[in-house]
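Secondary and tertiary structure notes
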Amino acid sequence: MLVGAVFFPLLGATIAGFFGRWIGDRAAQWVTVACMALAAACGMTAFVQVALGHAPATVEILTFLDVGGFEVSWALRYDTLSAVMVGMVTLISTLIHIYSVGYMHHDPTTPRFFAYLSLFTFMMLMLVTADNLVQLFFGWEGVGLASYLLIGYWYEKESACAAAMKAFIVNRVGDLFFMLGLALTFWVFGSVEFNAIFAAVEQHKDATFAGLPAYEVICVLLFLGACGKSAQLGLHTWLPDAMEGPTPVSALIHAATMVTAGVFLVARMSPVFEWAPGALALVTVVGASTALFAATIGCVQNDIKRIIAYSTCSQLGYMFFAAGVGAYQGAIFHLFTHAFFKALLFLGAGSVIHAMSEEQDIRKMGGIWRKIPVTYAVMWIGSLALAGVPYFAGYFSKDFVLEAAYAAHSGVGMYAFVCGLLAAFLTAFYSWRLIILTFHGAPRADAHTMEHVHESPAVMLVPLLVLAVGAVVTGVVFYPYFVGHDWQQFWNGAIVNAPHNHIMHAVHEVPSWVPLAPTVVGLSGIALAYLLYMAMPGVPAKLAATFGGVYRFLLNKWYFDELYDFLFVRPALRLARMLWQTADARIIDGVPNGAAAIASDVAQGAVRLQTGRVANYAFVMIAGLAVFVTLLAFGAAR
Amino acid sequence: MNAAGFPLLSLLTFLPLAGAVFILTLRGDEKVLAANARWAALWTSLVVFALSLILWFRFDKADHGFQFVERLDWLTDFGITYHMGVDGISVLFILLSTLLTPICILASWDSVQTRVREYMVAFLVLETMMVGMFAALDFIVFYVFFEGVLIPMFLIIGIWGGKRRVYASFKFFLYTLLGSVLMLLAILLLWYRAGTTDIPELMRHAIPPGLQTWIFLAFFASFAVKVPMWPFHTWLPDAHVEAPTAGSVILAGVLLKMGAYGFLRFSLPMLPHASADFAPFIYVLSIVAIVYTSLVALAQEDMKKLIAYSSVAHMGIVTLGIFTFSVQGLSGALFTMLSHGVVSGALFLCVGVLYDRVHSREIARYGGVAKIMPAYGLVFMLFTMASVALPGLAGFPGELLVIVAAWKVNAWVAFGAALGMILGAAYALYLYKRVAFGRITKDDLRGLLDMSPREHAVFAPLVLLAVWMGVYPQSFLSFFEASVTALVVRHEAALSAARLAGM
């Protein structure tokens, strides 16, 4: 069962991928869905057994390599942390598979799509059940590959190919640091297996590397790796572009699962992070900055999927700063609830796009809520959960995260709290901007599109409704386990808080205004959005015109893409060309080619020497003799 | 006699030569002759491959010494014997050579139509030379095979190559020969001092550190060109571009490994001090190779040239790993050599598939190929990913081990090696994007046929290997372990002995 949860998706991917052409589209779809359903059944059983039943387990499969003490195995590690992830990933992935059956109905190569989706799920499951850093890296890169394939699914579109490449390469920048972190981990701990590492944490606490505490270096390197995958400030640029992929992909990869891998990594390595306060401070600051930064951009974007993408980026920031202040449990809790409501929002957006004949620009929507009531309702639920309105899932987790930041009583914690509050306000604002512009007001689409607006088929609506239930109840149901009364029993040592870290208790002792604050700013954000876009729809345009500089700065995403293009991409290409055409072709090749030219020149010179005149020969002979004798004389003298 | 009970290594070495002689005796009109030559060559190479599998099953992994040893008196007065044998370092390269040869013959089935008989003869002779080189345990025997490889390769590039084949083949030949001459001088010097050219005996022969430097430089001249290390690499892109597909496969798959093999077989065990002294220099060259050639690959407009440059970058990982002098580094280097043999060979075959159909290597000539050739798109993607060292495929374990080992030496060295991860992804995906993705804009591409059954047969073993090596690398690494550990132990002992002696 523990193995099945991970390997059923691989089976599905293999069948659909290699035999899809023979068994037909429909068979390929339903085979993958069936495999996913089986995996979800296994995954949820595993969750109940391992997390709720407190029975962690490890399944050894095969020795990967064993070279001079560097031992790595394929093994599935099931503790509460991985069980939570496995249960969540298999469930959401199954729903997304089902949804895709409807959404990708018109696509000519559906088996390929489903093979990629299942492959992705398999890789994600390998990542979360990894028993060592190398296997984690396997899943880590594997999801990178799958997302590359899925983002570039419509590979005839130039922009999709570019986005896919960008995603892979930016992720690779992070992976470089992950790899280095892995190398240092091995040299410090003598192993990359989690059990061995965690057992030796006390022992190597004072290890140093190049004069710095080794733990700090390891954690910073791993966190930089996490930044790539989880689209944190600086390495976030791939995520919005990744929206080129089909919408279910965005829901699966860019909301619920892959992007959370970085947060998962930090939580997984919590025993080491606990002893690296500097690295944790960095995590907090980067997370908090990302939360705010992405939210500011989200407020002015016009592509429905990109708004949600920036929102994801921002919510990941919350998770990171929660981990940064030591409340890893809170980070995972937010990750867990977020997976439900963000997948819901993405799939809801997909339903809107489906209804609007592939239109994604919210400026060209409006006035459609009566025509697609179910979609409208679930978008409301998703947004309410996202904004942290009381009793929806996001309320519990986001509140906890912000309280933890406050309760850290540190400079960076306070910075995170302030950024988080501001971001909460903006989150609520852009969520309702999205809802109002998409569904309300006068229709701005052309009449032809409007005629075709229709509710999605049941195969798409059912997953939406299931996710909507999740977005409502996961918070209240799981709060006691993840961060509430029973947290110690529930986590069962899968996440470690060092003895000096009391955050899990301190959270419950913050002043009474702190838990209220997120709700208040959230509601005021909603109110502002209502005011600006519903009551006075002329104002936003005027604001944009008045603050043109700020608006353009935000609309162009703080000019990160342009900056990177200027700093890295273009110089690299210029350098590449120069190295090739100048260094290689002229300088390095110039030597042998030049030598060849000289050789032939010398040969021609030698031909000229043969003049046939005895006097010349005699002269050369005498000169040679003179040199020879001189050398001999010197040699004898020594 | 040895574990096989008969002179297996000699059989593996000279059976292809016998096949070549047999093909030369064939007569008939041109078409029949070509067909017969193809089949004879294929069967010869398949039999050789089947025989070489004995090595896989009967090799004793726990033994770090030489196995399957054969020894015949040859020039006893000069201390030269015909001495063959394999250890953990060389055994898998024999298998790689015997595997790639039938694949190459199969890949050239239709694409070579002129002088087919001579082409097949050249390939079989090439196989003899390659196997002999990896099996030789006498320096002179080694040298004969090492240089002998050049002749068939020179002919393959020069006769069946592209437009600038003569320039490329001469450049290839002269470049590599120049280095080898210096190596010959070093061999003579060793022979003069030790009175023997027997490799195991030479390994036991201590050479004063001062002299080691000179011998190391002479070896370096030969091996660095063969690897090729930056800045001696420029012969490689030209040779690859002009060589026929199968020539490129052998060139990348086996010939590039000869330099690195030389470092492992001779420089490290015989010249421990010089190797340690020159290590920083090698690190620098390796990292320059990784970063520089990856960047150059990014700018290429010719598919084969791009893959050729990527080979230089991968060999940078190999040389870096060798000179870390650690078990991880050496094993990683050996594994990378093997995986690169499979992966880059397969990538050249991928180029060949398109070249056979369109007769162009220019990247801009393609686009959208994945749409009409889905099976090809999948295979090409698989090997592209293996080339960028995606975990789970062949390229990864070697790179992982080398980076881990490099970190121990110096974190910045590891960083430099890891930069190849980003740049490698950039050039490989950029190539894939331009060839396979996008909308088809050239009309003649629309009519392309997907891979034929013969092409499937060519790729199937390579796909299998690429996945196997990625998922279960231990089955390959276990071959190296004993020999590599012994090598590292001996290296450290030699260095510490010198330190004790008050150096």
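Residues numbered from 1 in each chain as written. Chains lettered and ligands numbered in written order. Predicted model: local features only at pLDDT ≥ 70, side-chain atom pairs only at ≥ 80, totals over all residues. Heavy atoms only, no water.

As for the overall build of chain A
Along its length, chain A carries 28 helices and four strands. Its C-alpha atoms give chain A principal-axis dimensions of roughly 110 × 65 × 60 Å. Intrachain contacts of chain A at a sequence separation of at least 6 include 81% that bridge at least 24 residues. Element-wise, carbon and sulfur atoms account for 70% of the exposed surface of chain A, whose accessible area totals about 23500 Å². (Helix = DSSP H or I, 4+ residues; strand = E, 2+ residues; numbered from the N terminus. Contact = heavy atoms within 4.5 Å. Areas by Shrake-Rupley, 256 points an atom, 1.4 Å probe, with all protein chains shown as cover.)

So, the overall build of chain B
A count of helical and extended segments in chain B gives 20 helices and two strands. Taking 23 Å as the expected radius of gyration for a compact globule of 503 residues, we find that chain B reaches 22 Å, a close match to that expectation. A principal-axis box enclosing the C-alpha atoms of chain B has dimensions of 75 × 55 × 40 Å. In chain B, buried positions account for 69% of the 503 residues. A separation threshold of at least 6 residues defines the contact pool for chain B, and within that pool the share at least 24 residues apart is 81%. Summed over all atoms, the accessible surface of chain B reaches about 16200 Å², with 68% contributed by carbon and sulfur. Across chain B, the 32 positively charged side chains and the 29 negatively charged ones have centroids separated by 7 Å. (Rg over C-alpha atoms; globule rule 2.2 N^0.38 Å. Buried < 20%, exposed > 50% of the residue type's maximum accessible area, 1.4 Å probe, protein only. Lys, Arg positive; Asp, Glu negative; His and termini not counted. Charge placed at Lys NZ, Arg CZ, Asp CG, Glu CD.)

Let's talk about helix α16 (residues 374–387) of chain B
All names here are of chain B. For α16, which comprises 14 residues, the first-to-last C-alpha distance of 20 Å matches the rise-based estimate of 20 Å (1.5 Å per residue) to within 8%. A large share of α16 lies buried, amounting to 11 of its 14 residues. Of the positions making up α16, those classed as buried are Ala375, Tyr376, Gly377, Val379, Phe380, Met381, Phe383, Thr384, Met385, Ala386 and Ser387. With its phi angle positive at about 60 degrees, Ala389 sits one or two positions after the end of α16. (Expected span 1.5 Å × (residues − 1).)

Structural notes on the state of the cysteines
Across all of its chains, the model carries zero disulfides over all chains by this definition. Cysteine A:Cys227 is unpaired, with the sulfur of A:Cys313 as its nearest cysteine sulfur at 10 Å. In this structure B:Cys104 is not part of a disulfide, and its nearest cysteine sulfur, from B:Cys350, lies 13 Å away. Note on B:Cys104: relative accessible area 0%, which makes it buried. (Disulfide = S-S within 2.5 Å.)

Description of the packing of aromatic side chains
With the rule as written, the count across this model stands at 84 aromatic pairs over all chains. Geometrically, the ring pair formed by B:Phe223 and B:Phe266 is stacked, given 6.2 Å between the ring centres and 15 degrees between the ring planes. Remark: B:Phe266 occurs in helix α11 (residues 245–270) and B:Phe223 occurs in helix α9 (residues 209–226); sequence separation between them is 43 residues. Across the pair, B:Phe266 and B:Phe223 agree in class, each one buried. If you follow A:Lys205 out to its NZ or CZ, it ends over the ring of A:Trp275, 4.3 Å from the centre. Across from the ring centre of B:Tyr430, 3.8 Å away, lies the NZ or CZ of B:Arg434, which sits over that ring. (Phe/Tyr/Trp six-rings, centres within 6.5 Å; stacked < 30°, edge-to-face > 60°. Lys NZ or Arg CZ within 6 Å of the ring centre and 35° of its normal.)

So, the packing of helix α16 (residues 373–387) of chain A against helix α18 (residues 411–439) of chain A
All names here are of chain A. It is the contact of α16 with α18, at a shortest axis distance of 9 Å, that shows an interaxial angle of 170 degrees. Compared by their axis directions, α16 and α18 come out roughly antiparallel. Of the residues in α18, those touching α16 at Thr375, Tyr376, Met379, Trp380, Ser383, Leu384, Leu386 and Ala387 are Thr427, Ala428, Ser431, Trp432, Leu434, Ile435 and Phe439. A class-by-class count of the residues in the contact of α16 with α18 yields 11 nonpolar, four polar and no charged. (Axes fitted to C-alpha atoms, helices over the stretch in contact; angles between N-to-C directions. Parallel < 35°, antiparallel > 145°, perpendicular 65-115°, else oblique. Nonpolar A, V, L, I, M, F, W, Y, C, P; charged D, E, K, R; others polar.)

What to know about the interface of chain B and chain A
Contacts between the two partners involve 65 residues from chain B and, on the opposite side, 52 residues from chain A. Buried area between chain B and chain A, both sides added, is near 5300 Å², and the carbon and sulfur share of it is 74%. The salt bridge partner of A:Glu158 is B:Lys433, with a shortest N-O separation of 3.2 Å. Seen at the junction of chain B and chain A, the total is 13 residue pairs in polar contact (both at pLDDT 80 or more). If you tally residues by element for the side of chain B that touches chain A, the top one is helix α18 (residues 411–436) of chain B, at 14 residues. Across the side of chain B that touches chain A, the residue classes break down as 47 nonpolar, nine polar and nine charged. (Buried area = accessible area lost by both parts, 1.4 Å probe. Salt bridge = Lys/Arg side-chain N within 4 Å of Asp/Glu carboxyl O. Polar contact = N/O pair within 3.5 Å; in protein donor to acceptor, adjacent residues only side chain to side chain.)

Comments concerning the nonpolar core
Counting residues in each nonpolar core, the largest one holds 452 residues, and the members touching the most others are A:Phe70, A:Tyr148, A:Phe482, B:Phe219, B:Ile322, B:Phe323 and B:Met385. In contact with A:Phe482, not counting residues within four places along its chain, are A:Val84, A:Gln329, A:Ile332, A:Phe333, A:Phe336, A:Trp487, A:Phe490, A:Trp491 and A:Met504. (Core = buried A, V, L, I, M, F, W, Y, C linked by side-chain atoms within 4.5 Å.)

Here we look at the pairing of strand β1 (residues 67–75) of chain B
Residues and elements named next belong to chain B. Relative to strand β2 (residues 80–86), β1 is paired through six bridges, and the arrangement is antiparallel. For Gln67, the partnering residue across the bridge sits in β2 and is Val86. From the end of β1 to the start of β2, which pair antiparallel, there are four residues, and Gly79 there has a positive phi angle of about 75 degrees. (Pairing = 2+ DSSP bridges.)

Things to note about the layout of surface pockets
One number sums up the size of the second largest pocket: a volume of about 1100 Å³. In terms of lining, the second largest pocket is formed by 29 residues, of which the most central are A:Ile169, A:Val170, A:Tyr564, A:Phe568 and A:Val569. Broken down by secondary-structure element, the contributors of at least two residues to the lining of the second largest pocket are α6 (158–189) and α26 (560–588) of chain A together with α12 (272–298) and α18 of chain B. In terms of residue class, the lining of the second largest pocket is built from 22 nonpolar, two polar and five charged. (1 Å grid on protein atoms, 1.4 Å probe; cavity = no way out; pocket = protein on both sides within 12 Å on 5 of 7 lines; lining within 4 Å. Points joined across faces, edges and corners; volume = space filled by probe spheres on them.)

Details of helix α3 (residues 80–103) of chain A
End to end, α3(A) covers 34 Å across 24 residues, agreeing with the expected 34 Å (1.5 Å per residue, within 8%). A large share of α3(A) lies buried, amounting to 22 of its 24 residues.

Brief notes about the confidence of the model for chain B
Taken as a whole, chain B shows an average pLDDT of 88; of its residues, 99% reach a score of 70 or greater. Both scores are given for the predicted complex: the pTM is 0.90, the ipTM 0.90. (pLDDT = per-residue confidence, 0-100.)

Some points on the pattern of salt bridges
All names here are of chain A. By the definition in use, this model includes 20 salt bridges over all chains. Measuring nitrogen to oxygen at the nearest pair gives 3.6 Å for the salt bridge that ties Asp241 to Arg306. You can see Asp241 sitting in helix α9 (residues 238–241) and its partner Arg306 sitting in helix α14 (residues 304–324), a full 65 residues away along the chain. Here Asp241 matches Arg306 in class, with each residue buried. Through salt bridges with shared partners, one network takes in Arg77, Asp79 and Arg268.

Section: the packing of helix α1 (residues 2–23) of chain A against helix α4 (residues 110–128) of chain A
Residue and element names in this part refer to chain A. Contact geometry for α1 and α4: axes closest at 8 Å, N-to-C directions at 155 degrees. Of the possible angle classes, the one that applies to α1 and α4 is roughly antiparallel. In this structure, α1 meets α4 at a crossing whose hand is left-handed. Between α1 and α4, the residues in contact are Ala5, Val6, Phe7, Pro9, Leu10, Gly12, Ala13, Ala16, Gly17 and Gly20 and Pro111, Ala115, Ser118, Leu119, Thr121, Phe122, Leu125 and Met126, respectively. Split by residue class, the contact of α1 with α4 holds 13 nonpolar, five polar and no charged. (Left-handed = near helix turned anticlockwise from the far one by under 90°.)

Remarks on empty space enclosed by the protein
Residues and elements named next belong to chain B. Counted by the stated rule, this structure contains seven cavities of 30 Å³ or more. Considering only enclosed or pocket space, the largest cavity measures out at about 120 Å³ in volume. Lining the largest cavity are 16 residues, with His314, Glu399, Gly420, Met421 and Gly424 positioned closest to its centre. Top element by residues in the lining of the largest cavity is α18. It accounts for six residues. Its residues placed into classes, the lining of the largest cavity shows nine nonpolar, five polar and two charged. Considering only enclosed or pocket space, the second largest cavity measures out at about 100 Å³ in volume. Lining the second largest cavity are His314, Ile317, Thr336, Ser339, His340, Val343, Ala386, Ser387, Gly395, Gly398 and Glu399. Taken together, the elements giving at least two residues each to the lining of the second largest cavity come down to α13 (303–322), α14 (327–358), α16 and α17 (395–409). Per element, the largest residue contribution to the lining of the second largest cavity is four residues, and it comes from α14.

Digging into the pairing of strand β2 (residues 70–78) of chain A
Residue and element names in this part refer to chain A. Within β2, eight of the nine residues are buried, which leaves the element mostly enclosed by the surrounding structure. Judged from the nine bridges that link them, strand β1 (residues 57–67) and β2 form a sheet pairing that is antiparallel. Paired with Thr58 across the bridge in β2 is Arg77. Joining the antiparallel neighbours β1 and β2 is a turn of two residues, in which Gly68 adopts a positive phi near 50 degrees.

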